[in-house]
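Report on the structure
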Amino acid sequence: MFCTRGLVFFAFPAGLDIEFTGLRSNLSGPQQISLFDLPSEWYLKTRQSVQQFTICQIGLSVFSAIEGEANKYIAHSCNFFLFPTTFGILDSEFSFQASSVQFLNQYGFNYNKFLKNGIPYMNEEQEKKIRHDILTGNWRVRSSPHKDQIKAVIDKVTRWLDLAKEGDWMTLPGIAGFQAFEVQLVLRQALPDIWTVLKDEGVVVKKVSKQHRWYLQNTSCDRESCWKEKILLSARGFSVFFQMLVKAQKPLVGHNMMMDLLHLHEKFFRPLPESYNQFKQNIHSLFPVLIDTKNVTKDIWKEMNFPRVSNLSEVYEVLNSDLNPTKNSGPEIVHASRCEKYVKTKCPHEAAYDAFLCGSVLVLLKVAHLILQKIHGIDPVPESSFPQYLDVLAPYVNQVNLIRAGVPKINFSGPDYPSIRPPILILSIKRWPGVSEQQVYHKFQNLCKFDVRRLTRSQFLLLTNKFKDARNILKEYRGHPTLCISLYRYWRHSPDVNCMLQVCGIVTAWALLAFIFGRSGP
């Protein structure tokens, strides 16, 4: 489904969801993502995955208030299949992760649209390089398949020219997109006695005299400089729309959207910087208001008698069940014409459908309405409006959920909040020589899930994201003959601190001896 009507409605937040060719590269050892990671460490590790994989589909759900209708909104939901621009020296490499491919296949993802009809895109650095090459005349066709296509077109036109008379014309069908502009530019540069025009049926080539060619080049609005700008505009593709989205400076809403933000930065803005703080500053500049519905619902779920759910579809089902006291009230959403696919059809993990659920439409507004009802203690809340919804969501603005790291969320508008993870445990092992982190992990995996990090030869740190797991393992292994587990205390257990204390002890002892023997001398 591709709907472009209504995309100018940026007065309200835009829901976003992205599908990728893979999520995590096969990191191992110290590079593996861990609950021990500080946000900066998590960022540097995940940055490698983002550089390795690419975007295959983006979904946007943009909506606006219906004039004269209280608390009623119209949603415009659109899918965009994307494929990296292949142009001149620009030839991106990316990987597929088998599990991600299987996952998307399970939900009917159309890989033909992704691979054959994906909209091109590039980031600002790539655009700058391509622009320079095109406008200075240093541009060349570099990729072998494209070279073969260009060569075949030139050969075909050259054979035709040998028999053609001035004024004759031929059509090159099946050439579309920015490649249509590119082919014409190459033909005009290679053959001085032809002129080209782009029509619905393809590229039309006409044989002309050199004088007429000179006249067309210098009087037509179809000059070479204009063609170069058209080529660049077409090659930029979806990046043009991304820049419109940034320029609008309106709230961007997603569900568990950290990976989405990393890919948006890498693919459409600039390559991800090495500095974690610079990444945060860049994203905040691009999108001043972010709302992660995963972060919002995690807090609300703790206060409400709702079952624990993990994915977006389950959150939506709970909010539409009898467990939600505001189920039959709150905002009303209707779909725009030509964007009605999701009126009766559920399409989980189709980007636009997930964007519609999470973002600006259902989950966000229903949760906001639930918070309003909780504050006022009545339902329906009188004259609920979108500004009221944004007010009650203010504590969650720019707080983006973080999976498997030392903190549960990242604050894009200031310093990150301190960790609220369960305490770190220390495991001291007796009579188990040569034990590895993997063996320790397997030892406890049936009881609970811990991340493991070696501290010394016989000591390991254990960390979980559930307080009850930490309590259970302390209770289960209390008094164990070979596995001693206790709370980790930095000043007591850190090898660095112990080493420093030992050095200080030795220095103090030598100083004391020197003082004693110095006094007892003649």
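One numbering rule holds for all chains: residues counted from 1, following each sequence as written. Where totals are concerned, whole chains, interfaces and linings use all residues; where local detail is concerned, this predicted model gives features only for residues with pLDDT of at least 70, and gives and counts side-chain atom pairs only at 80 or more. Where side-chain values are given, they derive from all heavy atoms of the structure, hydrogens and water being excluded.

1. Considerations on the overall build of the protein chain
Counting from the N terminus, the helices are the DSSP runs of H or I reaching at least four residues and the strands are the DSSP runs of E reaching at least two. From N to C terminus, the protein chain includes 20 helices and 17 strands. Every one of the 522 residues in the protein chain was classed for burial, and the buried ones make up 48%. For the protein chain, the share of sequence-separated contacts (at least 6 apart) that also reach a separation of at least 24 residues comes to 71%. To be clear on the numbers: accessible area is Shrake-Rupley with a 1.4 Å probe, and residue cover counts the displayed protein chains and nothing else. Surface summary for the protein chain: the accessible area is close to 27,300 Å², and the carbon and sulfur share equals 54%. Here the term buried applies to any residue with accessible area under 20% of the maximum for its type, exposed to any over 50%, and partly exposed to those in between, with areas from a 1.4 Å probe on protein chains only. Note on contacts: a residue pair qualifies if any of its non-hydrogen atoms lie within 4.5 Å across the two residues.

2. Quick word on the sheet that holds strand S9 (residues 252-254)
The strand order S10-S9-S1-S2-S3-S11 describes an open sheet built from six strands, whose pairing is mixed. Every interior strand has two partners, whereas the edge strands, strand S10 (290-292) and strand S11 (332-335), have only one. Averaged over all adjacent pairs, the angle separating strand axes in this sheet is 30°, with direction ignored. A fitted line through C-alpha atoms represents every axis, and for helices the fit uses only the stretch in contact; the resulting angles, taken between N-to-C directions, go from 0 to 180 degrees. Of the strands in this sheet, S9 and S10 are in contact with helix H12 (residues 293-303), which crosses S10 at around 50°. The pairing criterion for strands is at least two bridges between them, as found by DSSP.

3. Thoughts on the environment of Met122
Within the secondary structure, Met122 is located in the loop between helix H3 (111-117) and helix H4 (124-135). For the pair Met122 and Leu90, spaced 32 residues apart in sequence, the C-alpha separation works out to 9.2 Å. Excluding residues that lie within four positions of it along the chain, Met122 makes contacts with Thr85, Leu90, Glu127, Ala235, Arg236, Ser239, Lys267 and Phe268.

4. A short note on the layout of surface pockets
Leftover empty space is mapped by rolling, across the atoms, a probe with the size of a water molecule. Residues are called lining when one of their atoms sits within 4 Å of a cavity or pocket point, these points coming from a 1 Å grid over the protein atoms alone, where a cavity is a set in which a 1.4 Å probe fits but cannot get out and a pocket is an open set with protein on both sides within 12 Å along at least five of seven lines. Grid points are joined across faces, edges and corners, and a volume is the space filled by probe spheres set on the points. Counted as a void, the largest pocket has a volume near 1,300 Å³. Lining the largest pocket we find 36 residues, and of these Lys298, Lys302, Arg308, Arg421 and Asn465 sit closest to its centre. Counting residues per element, the ones that place at least two in the lining of the largest pocket are H12 and helix H18 (467-476). Counting residues per element, the lining of the largest pocket draws most heavily on H12, which supplies seven residues. Amino acids outside the nonpolar list (Ala, Val, Leu, Ile, Met, Phe, Trp, Tyr, Cys, Pro) and the charged list (Asp, Glu, Lys, Arg) are all regarded as polar, and Gly is one of them. The residue makeup of the lining of the largest pocket, split by class, is 16 nonpolar, seven polar and 13 charged. Domain extents, as shown, originate in an automatic or database domain assignment. Structurally, the lining of the largest pocket is a two-domain feature, drawing no fewer than three residues from each of domain 1 (14-121 + 239-411) and domain 3 (425-497). Computed from the structure, the second largest pocket encloses a volume of approximately 850 Å³. Lining the second largest pocket are 27 residues, with Phe20, Leu23, His255, Asn256 and His349 positioned closest to its centre.

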